Amino acid sequence: MNLQQLRYVVATAEHRTMTDAARSLYIAQPALSRAIRDLERELGMTLFARSGRGVVVTAQGRRVVKLAREALDAVHEIESLANTSGVTDAELRIASTPSLEPGLAGRLLPAYAAEHPGVRVHIVRCDGRDAVVSAIRDQRADLGLTDLPVPTDLITHPLERQEIVLISPPGLELPNPVPMGKLHGMRLALPARGSMRRRELDAMFGKYAVSPVVVLETDERNGWLNAVRAGQASLLWYRGMAEQAARAGLIVRSLEPAVRRVIAVVHARRRLPLIAQDFLATAEKGTAA
């Protein structure tokens, strides 16, 4: 088995159709099918079974795919070592939501840069958790910073728990903390309907039997803040953004009972580049401290 065959196996497992796998490899579909059949004969096992118009990985195939991914990741890591031996051109890509980027830039990146001054860090800005997951899956980012949960095909490294608070325009007569029941009939700016974050908030509203008045539905964070600044609505956001809200003259209150979300570094189930492994070590060290 050679590296080309390993790539064929992994691509076929990821795309689940020979046509899509061949397209991703820039080869003809019949050539890929022949290559897979030849490899199966060489190994004496069936890696893929036909299922409708696609293929499914067999039990033996799953083990081969896992080992093939590990082998390819190891090759990529060796190439990375060769390409970044001087460290000066190394780049780490981290996907983050706007809500969490200030904490990333303010705490994690300075600590990492102090230990790895030759590595450039590029922040891939994402509108929300779904976009962070997509950036990881599409390999546009090595790591992602987001709140949980995320799909099970990603590995998570929890860092901290952040409180969800109510941010409102001045003049609202509300206690601090705000009982959940007070959200009933409150004018709120919320994430777009159908998004993962909106589904979680709707589940929370259902749990406490409250129905807010939805003034704005968008995943654009600036849109939320603008609605609050204009006195049109309140919003639910992270405590970490409270300072920004307070500087804008807005009022920040806790909720009762308190609501918290776990913030984590996430990545795909593959061997990470060394610079990404080093970032994880720095982040987890800071969490332990």
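For every chain, the first residue of the written sequence is number 1, and numbering continues from 1 along that sequence. Local features in this predicted model are restricted to residues of pLDDT 70 or higher, and side-chain atom pairs are both shown and tallied only at a pLDDT of 80 or more, whereas totals for entire chains, interfaces and linings draw on every residue. The basis for every side-chain value is the complete set of heavy atoms in the structure, and neither hydrogens nor water enter the calculation.

For the protein chain, the name recorded in an unreviewed UniProt entry is LysR family transcriptional regulator, with Nonomuraea helvata as its organism. UniProt positions are given in the numbering used here, feature names are shortened, and annotations may be inferred rather than shown by experiment. Listed in UniProt under the heading Sequence similarities (unreviewed entry), the comment for the protein chain reads: "Belongs to the LysR transcriptional regulatory family."

## Some points on the overall build of the protein chain
Each helix is a run of H or I in the DSSP string that is no shorter than four residues. Each strand is a run of E no shorter than two, and both are numbered from the N terminus. Regarding its fold elements, the protein chain presents ten helices and 13 strands. For every residue, the accessible area (1.4 Å probe, protein chains only) is compared with the maximum for its type, and the residue is labelled buried under 20%, exposed over 50%, or partly exposed between those bounds. In the protein chain, which comprises 289 residues, the proportion classed as buried is 44%. Excluding contacts between residues fewer than 6 apart, the proportion of contacts in the protein chain whose partners are at least 24 apart in sequence is 72%. Note on areas: these come from Shrake-Rupley sampling with a 1.4 Å probe, and a residue is covered only by the protein chains present in the view. For the protein chain, the accessible surface area stands at approximately 14,900 Å², while carbon and sulfur atoms represent 51% of it. Separation of charge centres in the protein chain, based on 38 positive and 31 negative side chains, amounts to 5 Å. In this description, contact between two residues means that some pair of their heavy atoms is separated by no more than 4.5 Å. Here Asp and Glu are counted as negative and Lys and Arg as positive; His is not counted, and neither are the chain ends. To locate a charge, take NZ of a lysine, CZ of an arginine, CG of an aspartate or CD of a glutamate.

## Quick notes on the UniProt feature "domain: HTH lysR-type" (unreviewed entry) in the protein chain
When the UniProt feature table is mapped onto this chain, "domain: HTH lysR-type" (unreviewed entry) is found at residues 1-58. Between the C-alpha atoms that bound residues 1-58 the distance is 18 Å, and the span itself is 62% helix and 14% strand.

## Some points on helix α3 (residues 29-43)
Multiplying 1.5 Å by the helix residue count minus one yields the expected span of that helix. Taking 1.5 Å of rise per residue, 15 residues should cover 21 Å, and α3 covers 21 Å from first to last C-alpha, within 8% of that figure. Those residues of α3 not exposed but buried are Leu32, Ser33, Ala35, Ile36, Leu39 and Glu40. Around the axis of α3, the buried residues are gathered within 160 degrees of arc, so they sit on the same side. For this quantity, the arc is that covered by the directions from the helix axis to the C-beta atoms.

## Digging into a negative patch on the surface
A contiguous patch of negative charge, built from Asp127, Asp130, Asp219 and Glu220, is present on the exposed surface. Structurally, Glu220 can be placed in the loop between β9 (213-217) and α8 (221-229). Patch membership requires over 30% relative accessible area and the absence of a salt bridge. Like charges are linked within 9 Å, and nonpolar side chains (Val, Leu, Ile, Met, Phe, Trp, Tyr) within 5 Å. Think of a salt bridge as a Lys or Arg side-chain nitrogen and an Asp or Glu carboxyl oxygen that are within 4 Å of each other.

## Considering the pairing of strand β4 (residues 120-125)
The pairing of strand β3 (residues 91-96) with β4 spans six bridges and is parallel. Looking at the pairing, Arg93 lines up with His122 of β4. At least two bridges found by DSSP between two strands are what make those strands a pair.

## Looking at the packing of helix α1 (residues 3-15) against α3
Only the stretch in contact is used when fitting a helix axis, every axis being a line fitted to C-alpha atoms; angles between N-to-C directions are given from 0 to 180 degrees. Close contact between α1 and α3 brings their axes to 10 Å; oriented N to C, the two are set at 110 degrees. For the element pair α1 / α3, the angle class is roughly perpendicular. Contacts between α1 and α3 involve Gln5, Tyr8, Val9 and Thr12 from the first element and Leu32, Ala35, Ile36, Leu39 and Glu42 from the second. Each angle receives one of four descriptions, namely roughly parallel if under 35 degrees, roughly antiparallel if over 145, roughly perpendicular if within 65 to 115, and oblique otherwise.

## Structural notes on the packing of aromatic side chains
Each pair of aromatic rings taken from Phe, Tyr and Trp, with Trp reduced to its six-membered ring, is defined by centres within 6.5 Å and is described as stacked if the planes are under 30 degrees apart, edge-to-face if over 60, and tilted in the remaining cases. Scanning the model with the defined rule gives two aromatic pairs in all. Aromatic pair Tyr112 and Phe279: ring centres 5.3 Å apart, planes at 70 degrees, arrangement edge-to-face. Of this pair, Tyr112 sits in helix α5 (residues 101-115) while Phe279 sits in helix α10 (residues 274-288), and the two are 167 residues apart along the sequence. The pair Tyr112 / Phe279 is uniform in exposure class, with both members buried. Here the aromatic rings of Trp224 and Trp237 are separated by 5.9 Å at their centres, their planes lie at 80 degrees, and the arrangement is edge-to-face. Highlighted residues: Trp224 in helix α8 and Trp237 in strand β10 (residues 234-238), separated in sequence by 13 residues. Grouping residues by exposure puts Trp224 and Trp237 together as buried.

## Considerations on unusual backbone geometry
With glycine set apart, most residues show a phi of negative sign, and most peptide bonds adopt trans. A cis amide bond, omega 10 degrees, links Asn176 with the succeeding residue Pro177. Position of Pro177 relative to the elements: it lies in the loop between β6 (154-168) and β7 (178-179). Put simply, Glu256 and Pro257 share a cis peptide bond, and its omega is 0 degrees. Inspection of the secondary structure assignment puts Pro257 in the loop between β12 (255-256) and β13 (259-268). With phi around 60 degrees, Gln139 is a residue other than glycine that occupies positive phi space. Inspection of the secondary structure puts Gln139 in the loop between α6 (129-137) and β5 (143-147).

## Quick notes on the side chain of Thr146
Among the structural elements, Thr146 can be located in strand β5. Side chain to side chain, Thr146 and Asp147 meet in a polar contact 3.3 Å long. Polar contact is defined as a pair of N or O atoms within 3.5 Å, subject to the rule that within protein one atom must be able to donate a hydrogen and the other to accept it, and that residues adjacent in sequence are counted only when both atoms are side-chain atoms.

## A short note on the environment of Val214
Tracing the chain through its elements places Val214 in strand β9. Note: C-alpha distance between Val214 and Arg137 (77 residues apart in sequence) is 32 Å. In this structure Val214 touches Leu188, Leu190 and Arg198, once residues within four positions along its chain are discounted.

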